[in-house]
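Coordinate inspection notes
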Amino acid sequence: MTKILVTGGMGFIGSHTVVELIQAGYEPIIIDNLSNSSIKVLDGIEKITGQRPYFAQIDCQDKEALQQVMQEQGPISAIIHFAASKAVGESVEKPLLYYRNNLVSLLNLLDLMPSNGIEHIVFSSSCTVYGQPEVLPVTENAPIQPALSPYGNTKQICEEIITDTAYANKQLHAILLRYFNPIGAHESAEIGELPIGVPQNLIPFVTQTAAGIREQLKVFGNDYNTSDGSCIRDYINVTDLAKAHVAAVKRLTEGLQKKSVEVFNIGTGNGLSVLEIIKAFEKVTGQKLNYAIVGRREGDIEQVWADATYANTELGWKAEKNIEETLLSAWKWQEKLSQKSKV
Ligand code: UD1
């Protein structure tokens, strides 16, 4: 079976991708330092797929440990590199932690790939590289804007590191996936997002408010230049996003790439405002959300949504799930977490 090394494979997007890889007939080799996930995620993966994939608790900054897994588990056909620190606010407070973790992890992988015969890598990038685009929907050709946070900067620098490395090493082929806002959970509610502490992202805050864990959702601003004044984002279902990784691996391993580094926007192509999300959530779940409009959050951009045409046509991938089923999946996952914490 084709083996795919999945760094950060126990995390939110990583675990959903592991499920989709298994269901597509690949053999994921998971490494994760469990800094922002739990060993229990493996049980969820096993319940959904009937398989318990290989897992090693390793930090990608530990080059020797990485080398050992590559050697023992090889041959590996491709790497999907999720392992990274991802909290925007924390990155402003602890920039060195973010630069060290996110950059060193990638450097180690790129260093080890040639000697282990690995030629393909899929990298988790973000729409944050576009800042506030001048033209919407935003295409992959839009200019990269100065990053608003160290987190965003690591995504830009990692894209450059991969591009420069592929230029120097003609064997290396990479796909950079620029995610929009990943939300939801697996439809089985066996895996989902596990935010530690107070969630910073919208949907976990919404579900925790509905579950009574948080008292009130704060809507950051209703004075933006949008239809209802709240910010607009492109919310992409995490299972759909996971499938984009399988499509990227397939493209790489089957030699279908047109360039050594390809970039794809992974979004639905639809923008939704914060207030529209609240309304949709209330409608599908029947829950009344306690929310209040407050001032803008520093660093937020006004509106962004994807032009995903290139992924649709070239990658053969398209977002399939609608916002209602996605929000319902997030709510079912929250209900399950709440039940577990009661036992
Ligand atoms: C940010 C990053 C993105 C990163 C993601 C994951 C930027 C521009 N974007 O996305 O790159 O991958 O975090 O950490 O840096 N909101 C509220 N109340 C809340 C929480 C959020 O109103 O309690 C609003 C925000 O103002 C925003 C929307 O909900 O308009 C989505 O926010 P969030 O889920 O935090 O994601 P982004 O900021 O879009």
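This text gives an overview of the structure that appears in the document. (Residues numbered from 1 in each chain as written. Predicted model: local features only at pLDDT ≥ 70, side-chain atom pairs only at ≥ 80, totals over all residues. Heavy atoms only, no water.)

Some details on the side chain of E262
Among the secondary structure elements, E262 is positioned in strand β11 (residues 261–266). Classification of E262 as buried rests on a relative accessible area of 0%. Looking at E262, its side chain comes within polar contact range of the main-chain nitrogen of K258, at 2.9 Å. Sequence-distant contacts of E262, defined by excluding residues within four places in its chain, comprise A174, I175, L176, R251, Q257 and Y310. (Helix = DSSP H or I, 4+ residues; strand = E, 2+ residues; numbered from the N terminus. Buried < 20%, exposed > 50% of the residue type's maximum accessible area, 1.4 Å probe, protein only. Polar contact = N/O pair within 3.5 Å; in protein donor to acceptor, adjacent residues only side chain to side chain. Contact = heavy atoms within 4.5 Å.)

Focus on helix α8 (residues 238–253)
Taking 1.5 Å of rise per residue, the 16 residues of α8 would be expected to cover 22 Å, and the 23 Å separating its terminal C-alpha atoms lies within 8% of that figure. Where α8 begins, the capping side chain belongs to N237, and its oxygen is found 2.7 Å from the backbone nitrogen of T239. (Expected span 1.5 Å × (residues − 1).)

Some details on the sheet that holds strand β6 (residues 173–179)
Sheet strands associate in pairs through backbone hydrogen bonding, adopting either a parallel or an antiparallel arrangement. Spatially, the 7 strands line up as an open sheet ordered β3-β2-β1-β4-β5-β6-β11, and their pairing is parallel. The open sheet terminates on both sides in strands that have one partner only, identified here as β3 (54–57) and β11. Taken over all neighbouring pairs, the strand axes of this sheet differ in orientation by 20 degrees on average, direction set aside. In terms of strand pairing, β6 meets β11 through 6 bridges, oriented parallel. (Pairing = 2+ DSSP bridges. Axes fitted to C-alpha atoms, helices over the stretch in contact; angles between N-to-C directions.)

A word on the pattern of salt bridges
Tallying each qualifying case throughout the model produces 17 salt bridges. Residue D43 pairs with R52 through a salt bridge whose shortest N-O separation is 2.8 Å. For R52, a relative accessible area of 42% translates into the label partly exposed. A single salt-bridge network, built from bridges that share partners, covers R251, K258, E262 and E314. (Salt bridge = Lys/Arg side-chain N within 4 Å of Asp/Glu carboxyl O.)

Thoughts on the packing of aromatic side chains
Taken as a whole and assessed by the stated rule, the structure comprises 3 aromatic pairs. Relative to W331, the ring of F281 has its centre 5.8 Å away and its plane inclined at 85 degrees; by these criteria the two rings are edge-to-face. In this pair, F281 is assigned in helix α9 (residues 274–285) and W331 in helix α11 (residues 323–342), connecting sequence segments 50 residues apart. No difference in accessibility class separates F281 from W331, as the two residues are buried. Here the basic side chain of K170 rests over the ring of Y167, its NZ or CZ set 4.4 Å away from the ring centre. Positioned over the ring face of Y224 is R296, at 3.9 Å from the centre of the ring. (Phe/Tyr/Trp six-rings, centres within 6.5 Å; stacked < 30°, edge-to-face > 60°. Lys NZ or Arg CZ within 6 Å of the ring centre and 35° of its normal.)

Quick word on the site of the ligand
By nearness alone, 19 residues border the ligand, and L202, K218, R233, R297 and D300 come closest of all. Between the ligand and S126, the relevant distance is 3.0 Å, taken from an oxygen atom to a side-chain nitrogen or oxygen of the residue. R297 places a polar side-chain atom, nitrogen or oxygen, 2.9 Å from an oxygen atom of the ligand. Of all the elements, strand β8 (residues 217–220) adds the most residues to the shell around the ligand, at 4 residues. For the shell around the ligand, the class distribution of residues is 9 nonpolar, 5 polar and 5 charged. (Near = heavy atom within 4 Å. Nonpolar A, V, L, I, M, F, W, Y, C, P; charged D, E, K, R; others polar.)

Describing helix α6 (residues 150–168)
Taking 1.5 Å per residue as the helical rise, α6 with its 19 residues ought to reach 27 Å, and the 26 Å between its terminal C-alpha atoms agrees with that figure. Listed in full, the buried residues belonging to α6 are P150, Y151, G152, T154, K155, Q156, C158, E159, I161, I162 and A166. Contacts made by the buried residues of α6 are with α4 (88–93), α5 (95–112), β5 (120–126), β6 and β11.

Topic: the nonpolar core
Ranked by size, the top nonpolar core spans 39 residues in total, and within it I4, I45, L177, I266, L315 and W317 carry the most contacts. Going through the elements one at a time, β1 (3–7), α1 (12–23), α2 (41–49), β4 (78–81), β6, α8, β11 and α10 (309–315) are the ones with two or more residues in this core. Among the elements that line this core, the one with the most residues is α8, at 8 residues. Core analysis: the next-biggest nonpolar cluster, separate from the first, contains 31 residues, I31, A56, A83 and L110 among them. (Core = buried A, V, L, I, M, F, W, Y, C linked by side-chain atoms within 4.5 Å.)

Functional significance is not addressed by these values, which are geometric in nature.
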